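Geometric and topological summary
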Amino acid sequence: MTDPYQPPGKVYLIGAGPGAADLITVRGARLLAQADAVLHDALVTEEMLAYCPQAVKINVGKRCGKKSTAQRFINKLLVNSARKYQTVVRLKGGDPMLFGRADEELHALEEAGIEYKVVPGITAALAAASAVGVPLTRRGVARSVAFFTSSTAPDEPDQAKLPDCDTLVQYMGGREAALTAQRLLEQGRSARTPVVVVENASLPEQRILRLDLRTLQLGLPAASGPVLVMIGEALASRNVALHAQQPVQLLACAR
Ligand SMILES: C[S@@+](CC[C@H](N)C(=O)[O-])C[C@H]1O[C@@H](n2cnc3c(N)ncnc32)[C@H](O)[C@@H]1O
């Protein structure tokens, strides 16, 4: 039961980082330890939830192809939780301000007059680049990076034109990878452009795949975890297998 006389609590939108429990920020972990309630994404691990044994935990996660909690319902739950608890954490994978529908959640809180703060997190692209030891920029080769997704809202037209940056990182793109490759080839990218795919970046189940745009056209093998597709000449700068210290699957690569 919510008490109509009690002022609402405060909501912290916290970036959980890419998955490994020690990749959340110190600020994020401290707030988790103070939380009365934590609403978290599906990609947040049990190990990270161990930072808030005292809190009521609610999984509001959405995973591609699996049963999802509608965004409107999450917004409502967030507002109701703030009316019931003093410190509410909305724990989101990676950074909350990137491909996380934070705008809708913050809007709902504003409309309800609930105070909030955002705590950044390490976005998956940066964790994936670190995992394979390949910088996304490279002096003289790559000066711009685009984080993009082909995933669209139901009423939004398909974005055929892909960003015109040196390095591209596609979120939520495992299934569209072949189409992405075709479009980039049509837009004039070389078939030999290096591609590195990282699944479950930063987690023990991490998998790395190295290929090029020509082979990406054939699509990607099935993945069970979240996948990032990184494309661009900067990715040719390292021996990915050496750094990652784990087997790197090689799909008949031009180089
Ligand atoms: C809804 S978006 C959320 C992105 C998140 N806000 C961030 O900043 O990383 C989910 C997508 O992020 C990517 N992703 C998240 N965690 C990942 C990980 N550990 N490894 C690879 N990709 C990941 C995948 O492309 C996944 O489909």
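This write-up is about the structure you can find in this document. Just so it is clear, the model here is predicted, and its values are computed rather than measured. (Residues numbered from 1 in each chain as written. Predicted model: local features only at pLDDT ≥ 70, side-chain atom pairs only at ≥ 80, totals over all residues. Heavy atoms only, no water.)

**Brief notes about the overall build of the protein chain**
Helices and strands together make up the secondary structure of the protein chain, namely 8 helices and 11 strands. When burial is assessed residue by residue, the protein chain has 46% of its 255 residues classed as buried. Sequence separation of at least 24 residues holds for 67% of the intrachain contacts in the protein chain that already meet a minimum separation of 6. Split by element, the accessible area of the protein chain, about 13,300 Å² in all, is 53% carbon and sulfur. (Helix = DSSP H or I, 4+ residues; strand = E, 2+ residues; numbered from the N terminus. Buried < 20%, exposed > 50% of the residue type's maximum accessible area, 1.4 Å probe, protein only. Contact = heavy atoms within 4.5 Å. Areas by Shrake-Rupley, 256 points an atom, 1.4 Å probe, with all protein chains shown as cover.)

**Here we look at the pairing of strand 7 (residues 167–171)**
Buried residues dominate strand 7, accounting for 5 of its 5 residues. Residue alternation in strand 7 divides its side chains into two sets, Thr167, Val169 and Tyr171 and Leu168 and Gln170, and both sets are buried. As judged from the 5 bridges shared by strand 6 (residues 145–149) and strand 7, these two strands associate in the parallel manner. Counted as the bridge partner of Thr149 is Tyr171 from strand 7. (Pairing = 2+ DSSP bridges.)

**Notes on the packing of aromatic side chains**
Under the criterion given, the structure shown has 2 aromatic pairs. Chaining the aromatic ring pairs together yields one cluster made of Phe99, Phe147 and Tyr171. (Phe/Tyr/Trp six-rings, centres within 6.5 Å; stacked < 30°, edge-to-face > 60°.)

**Remarks on the site of the ligand**
Taken together, 16 residues sit near the ligand, with Leu98, Thr123, Met172, Ala201 and Val227 positioned nearest. One of the side-chain nitrogen or oxygen atoms of Thr123 is found 2.6 Å away from an oxygen atom of the ligand. Between the ligand and Asn200 there is a distance of 3.5 Å, counted from a nitrogen atom to a backbone nitrogen or oxygen. Class assignment of the residues belonging to the shell around the ligand gives a composition of 11 nonpolar, 4 polar and 1 charged. (Near = heavy atom within 4 Å. Polar contact = N/O pair within 3.5 Å; in protein donor to acceptor, adjacent residues only side chain to side chain. Nonpolar A, V, L, I, M, F, W, Y, C, P; charged D, E, K, R; others polar.)

**Points about helix 3 (residues 71–84)**
Across its 14 residues, helix 3 extends 20 Å between first and last C-alpha, which sits within 8% of the 20 Å expected from 1.5 Å per residue. Elements that come into contact with the buried residues of helix 3 comprise strand 1 (10–15), strand 2 (37–40), strand 3 (56–59), strand 4 (87–92) and helix 4 (102–111). (Expected span 1.5 Å × (residues − 1).)

**Looking at the packing of helix 3 against helix 4**
In a pair of packed helices, the angle between the axes and the distance between the axes together describe the arrangement. Their axes nearest at 9 Å, the elements helix 3 and helix 4 cross at an angle of 40°. The pairing of helix 3 with helix 4 is recorded here as oblique in orientation. Of the two possible hands of crossing, helix 3 and helix 4 adopt the one that is right-handed. Residues Gln71, Ile74, Asn75, Leu78 and Val79 of helix 3 pack against Glu104, Glu105, Ala108 and Leu109 of helix 4. Partitioned by chemical class, the residues of the contact of helix 3 with helix 4 number 5 nonpolar, 2 polar and 2 charged. (Axes fitted to C-alpha atoms, helices over the stretch in contact; angles between N-to-C directions. Parallel < 35°, antiparallel > 145°, perpendicular 65-115°, else oblique. Left-handed = near helix turned anticlockwise from the far one by under 90°.)

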